[in-house]
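# Inside the fold
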Amino acid sequence: MKPTRKEIFKVTLVVFFTVVAIIFAFGFTAFDADIINKIVAAFTALSALWLWLLDNSKTVFIAWNSVKMRLSRDTVAWQATDVFDVDSSFDFNRHCKKYIDQLNSKEVIASVITENATKIVVELHVGKKQELLKIFLSDKDDCYQIKFIQSSSMSYKDSRSEYIHFQSLIEKFKKYMSQVDGTSYFLGRAELFTVSLQFKKSNPFYHLTVRHVDNVEIESFNLEFTDGDVKVKISKNSITLISKDKDNISLALKNYIAISENN
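In terms of regular secondary structure, the protein chain is built from 7 helices and 11 strands. For the protein chain, the proportion of its 263 residues judged to be buried stands at 38%. As displayed, the protein chain offers around 15500 Å² of accessible surface, 56% of which is attributable to carbon and sulfur atoms.

Take the packing of aromatic side chains next. Tallied over the entire structure, the rule returns 9 aromatic pairs. With 6.1 Å between their ring centres and 75° between their planes, Phe90 and Phe173 make a pair best called edge-to-face. You can see Phe90 sitting in the loop between β1 (75-86) and α4 (92-103) and its partner Phe173 sitting in helix α6 (residues 162-179), a full 83 residues away along the chain. The residues Phe90 and Phe173 share a single accessibility class, namely buried. Measuring from centroid to centroid gives 5.4 Å for Phe90 and Tyr185, while their planes differ by 70°, and the two rings are edge-to-face. Of this pair, Phe90 sits in the loop between β1 and α4 while Tyr185 sits in the loop between α6 and β6 (192-199); the two residues are 95 residues apart in sequence, bridging distant segments of the chain.

In this section: the confidence of the model for the protein chain. With 62% of its residues at a pLDDT of 70 or more, the protein chain shows a mean pLDDT of 77. Of the regions scoring below 50 in pLDDT, residues 207-216 engages in 13 contacts with residues more than four places distant in sequence or in other chains.

As for its placement among the helices and strands, Asn237 is situated in the loop between β9 (230-235) and β10 (238-243). For Asn237, a relative accessible area of 11% puts it in the buried group. Residues Asn237 and Phe221, spaced 16 residues apart in sequence, show a C-alpha to C-alpha distance of 9.7 Å.

Where burial is concerned, most of β10 is hidden: 6 out of the 6 residues are buried. A two-sided burial pattern is seen for β10, the buried positions comprising Ser238, Thr240 and Ile242 on one face and Ile239, Leu241 and Ser243 on the other. Bridge analysis of β6 against β10 gives 6 bridges, and the strand direction is antiparallel. Along β10, the bridge assignment pairs Leu197 with Ile239. Where β9 lies against β10, 5 bridges are found, and the strand directions are antiparallel.

All of the buried residues in helix α7 (residues 246-255) are Ile249, Ala252, Leu253 and Asn255. Down the axis of α7, the buried set is contained in an arc of 160°. They therefore lie on one face. The N-cap residue of α7 is Asp245: its side-chain oxygen and the backbone nitrogen of Asp247 are 2.8 Å apart.

This brings us to the packing of α6 against α7. Between α6 and α7, the shortest axis-to-axis distance is 11 Å and the interhelical angle comes to 160°. Put simply, α6 runs roughly antiparallel to α7. The chirality of how α6 crosses α7 is right-handed. Here Tyr163, Gln167 and Glu171 of α6 come into contact with α7, specifically with Lys246, Ile249, Ser250 and Leu253. Among the residues forming the contact of α6 with α7, the class breakdown is 3 nonpolar, 2 polar and 2 charged.

It is worth spelling out the nonpolar core at this point. Tyr99, Leu133, Ile146, Phe148 and Phe173 are the most contacted members of the largest nonpolar core, which has 46 residues in total. Among the elements that line this core, the one with the most residues is α6, at 7 residues. With sequence-adjacent residues up to four places away left out, Leu133 is seen in contact with Tyr99, Leu103, Ile120, Val121, Val122, Leu124, Phe148, Ile149, Gln150 and Leu169.

Quick notes on the rules
Residues numbered from 1 in each chain as written. Predicted model: local features only at pLDDT ≥ 70, side-chain atom pairs only at ≥ 80, totals over all residues. Heavy atoms only, no water. Helix = DSSP H or I, 4+ residues; strand = E, 2+ residues; numbered from the N terminus. Buried < 20%, exposed > 50% of the residue type's maximum accessible area, 1.4 Å probe, protein only. Areas by Shrake-Rupley, 256 points an atom, 1.4 Å probe, with all protein chains shown as cover. Phe/Tyr/Trp six-rings, centres within 6.5 Å; stacked < 30°, edge-to-face > 60°. pLDDT = per-residue confidence, 0-100. Contact = heavy atoms within 4.5 Å. Pairing = 2+ DSSP bridges. Arc of directions from axis to C-beta. Polar contact = N/O pair within 3.5 Å; in protein donor to acceptor, adjacent residues only side chain to side chain. Axes fitted to C-alpha atoms, helices over the stretch in contact; angles between N-to-C directions. Parallel < 35°, antiparallel > 145°, perpendicular 65-115°, else oblique. Left-handed = near helix turned anticlockwise from the far one by under 90°. Nonpolar A, V, L, I, M, F, W, Y, C, P; charged D, E, K, R; others polar. Core = buried A, V, L, I, M, F, W, Y, C linked by side-chain atoms within 4.5 Å.

Here's what the structure looks like:
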């Protein structure tokens, strides 16, 4: 769905040469038969450009909105979740505390703000950014289930790469579990990844858009579809991506764009 660099370059090149052609066509000459011919040539060039843009409307649409959203100040409420199974001998509170201690560094300050037998809430300061990390424990038939939830508020531009940071938190936890007590508590099964983004003013675009035929503002809508191994849920100002494969989530986050409501 995302336009390639070659496609974007083609659009930029055509627009540039069309503008240059019009400038040279008009110049600063007096209005006479010659200038009329130049006006006709200019309109011909503009018509050709318009037809070409229609043929490449998808590329133009995505490229324009990507640039516009990178310059906008619309914030994104980010929430990422990872659910996976661990061995029933896993000591939740003891191991989570040690893991949190390992998160502390020059770049990260981790502080426990809530704790009980099945839940730990951590406040993370990563540079100038503040986020919450919640870790839950629940029972399954023959094991425990761990749920990681990371939430934060950020710009649209940062939201497209935030998943890398979230995965680094998960990988550190799995690495710790594989090293502690000489036992691997991670069972590597039934893992499910979810990312939800909520915008204040914009609507997400992922293959499909929703518009009213009378150009009336749509108060609410819900779209659900599957793209490969990713389940996509889109509603007004929000998008949720669900998959068993973290790489598919990462790819989907690179491909989605946001569209301002006054687009």
